[in-house]
Amino acid sequence: MSEDFFRTGEEEVELTFERITSFGYEIRRASALDFGCGVGRLTQAMATRFQIVDGVDIAPSMVRQARALNRHGLRCRYFLNNAHDLKAFTSNSYDFVLSLLVLQHMEPRYSSTFIGELVRVLAPGGMLVMNMPSQVSLSPLGLMTAAVPRTVVNAVVATRRGRHGVREVHRLRREAVREIVRRAGGTTCAEEADVAALGKRWKTYRYYVGKRRPSHEA
Ligand SMILES: C[S@@+](CC[C@H](N)C(=O)[O-])C[C@H]1O[C@@H](n2cnc3c(N)ncnc32)[C@H](O)[C@@H]1O
């Protein structure tokens, strides 16, 4: 894996922290989680900012490569998790949780569960940053998702892209993401268009989610 590849992770994490700081948000730098870490592009950059960073992925090949490419010793740990939840991870335990370019590859029933799980493992006072497409424009047919039921759109998009050997991409409407976050005890601090993630055809959002400290600690 090239230096340039890891440099993109460094830049992504740097920009993310600039945004978080611009919201006036300060997070503890004890522990962080990178959900869907792949080979560790973002995890390695996070390890320069947190005492402990955990990367989690469903693919054994990714976890194996990530471990081989780790430059931060025991401070950076990689875990294989092929469950449909994060039960192996403790509630309220990470100051920062990042999940970029991951949730879109799961059917909504799974991404919905994982969004709730990411909020659950987030420590009060911490921040979760994740991205997820909300809509797709089905050109050349010119269909807008707003006019088509969600399940149909997801099936069509998955099939069309699958035929061309591209991984499935699913979406979850912005309103649904907000509701899952709220129910899990999180607060959506900001939502920003994320064109860089999947291009202009997809209306992708980046979510910045906080979690309140119990009032006696505030
Ligand atoms: C496009 S890669 C992004 C990797 C990394 N987040 C980055 O930005 O460099 C998507 C990753 O998500 C992982 N993934 C997909 N579904 C997952 C799941 N249910 N649990 C954990 N990881 C998952 C894939 O194995 C893959 O490594």
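See the structure shown above.
Just so it is clear, the structure is predicted and the values come from calculations on it, not from any experiment.

Caption draft 1: The overall build of the protein, seen in detail. A tally of regular secondary structure across the protein gives seven helices and eight strands. Within the protein, the fraction of its 218 residues that count as buried is 46%. Restricting the contact set of the protein to residue pairs at least 6 apart, pairs at least 24 apart contribute 68%. About 11,000 Å² of surface is accessible on the protein, with carbon and sulfur atoms providing 54% of the total.

Caption draft 2: Here's a closer look at helix α4 (residues 108–121). A rise of 1.5 Å per residue sets the reference length of α4, with its 14 residues, at 20 Å; its end C-alpha atoms lie 20 Å apart and thus fit the reference within 8%. Along α4, the residues classified as buried are Pro-108, Ser-111, Phe-114, Ile-115, Gly-116, Glu-117, Leu-118, Val-119 and Val-121.

Caption draft 3: Broad picture of the site of the ligand. What surrounds the ligand is a group of 17 residues, the closest being Gly-36, Arg-41, Asp-57, Ile-58 and Leu-100. Take Arg-41: an N or O atom from its side chain is 2.7 Å from an oxygen atom of the ligand. In this structure, a nitrogen atom belonging to the ligand sits 3.2 Å away from a main-chain N or O atom of Ile-58. Considered on its own, the ligand offers 600 Å² of accessible surface; in the complex 86% of this is hidden by protein. Broken down by class, the residue content of the shell around the ligand amounts to 11 nonpolar, three polar and three charged.

Caption draft 4: Expanded view of the environment of Asp-34. Position of Asp-34 relative to the elements: it lies in strand β1 (residues 31–35). A relative accessible area of 1% places Asp-34 in the buried class. The sequence separation of Asp-34 and Gln-44 amounts to 10 residues, and the corresponding C-alpha distance is 9.7 Å. Those residues in contact with Asp-34 that sit more than four places away from it in its chain are Leu-42, Thr-43, Met-46, Asp-54, Gly-55, Val-56 and Leu-98. A distance of 2.7 Å separates a polar atom in the side chain of Asp-34 from a polar atom in the side chain of Thr-43.

Caption draft 5: A look at unusual backbone geometry. For Asn-92, which is not glycine, the phi dihedral falls at a positive 55°. With respect to the helices, strands and loops of the structure, Asn-92 is situated in the loop between β3 (76–80) and β4 (94–99). According to the relative accessible area criterion, Asn-92 is partly exposed, its value standing at 41%. You will see that Leu-101, though not glycine, has its phi angle at about 65°, which is positive. Looking at the element boundaries, Leu-101 is found in the loop between β4 and α4. Among the residues examined, Leu-101 registers a relative accessible area of 36% and is labelled partly exposed.

Caption draft 6: View of the pattern of salt bridges. Inspection of the entire model under this criterion finds 16 salt bridges. Put simply, Arg-77 and Asp-54 hold a salt bridge, and the shortest N to O gap is 2.7 Å. A residue pair is termed long-range when its members are at least 10 positions apart, and Arg-77 in strand β3 and Asp-54 in strand β2 (residues 52–57) qualify at 23 residues. A residue is classified by how much of its surface remains accessible, and Arg-77, at 38% relative accessible area, is partly exposed. Glu-107 is the partner of Arg-109 in a salt bridge, and the nearest nitrogen-oxygen pair spans 2.9 Å. Exposure remark for Arg-109: the relative accessible area of 54% places this residue in the exposed category.

Thresholds applied
- Residues numbered from 1 in each chain as written.
- Predicted model: local features only at pLDDT ≥ 70, side-chain atom pairs only at ≥ 80, totals over all residues.
- Heavy atoms only, no water.
- Helix = DSSP H or I, 4+ residues; strand = E, 2+ residues; numbered from the N terminus.
- Buried < 20%, exposed > 50% of the residue type's maximum accessible area, 1.4 Å probe, protein only.
- Contact = heavy atoms within 4.5 Å.
- Areas by Shrake-Rupley, 256 points an atom, 1.4 Å probe, with all protein chains shown as cover.
- Expected span 1.5 Å × (residues − 1).
- Near = heavy atom within 4 Å.
- Polar contact = N/O pair within 3.5 Å; in protein donor to acceptor, adjacent residues only side chain to side chain.
- Nonpolar A, V, L, I, M, F, W, Y, C, P; charged D, E, K, R; others polar.
- Salt bridge = Lys/Arg side-chain N within 4 Å of Asp/Glu carboxyl O.

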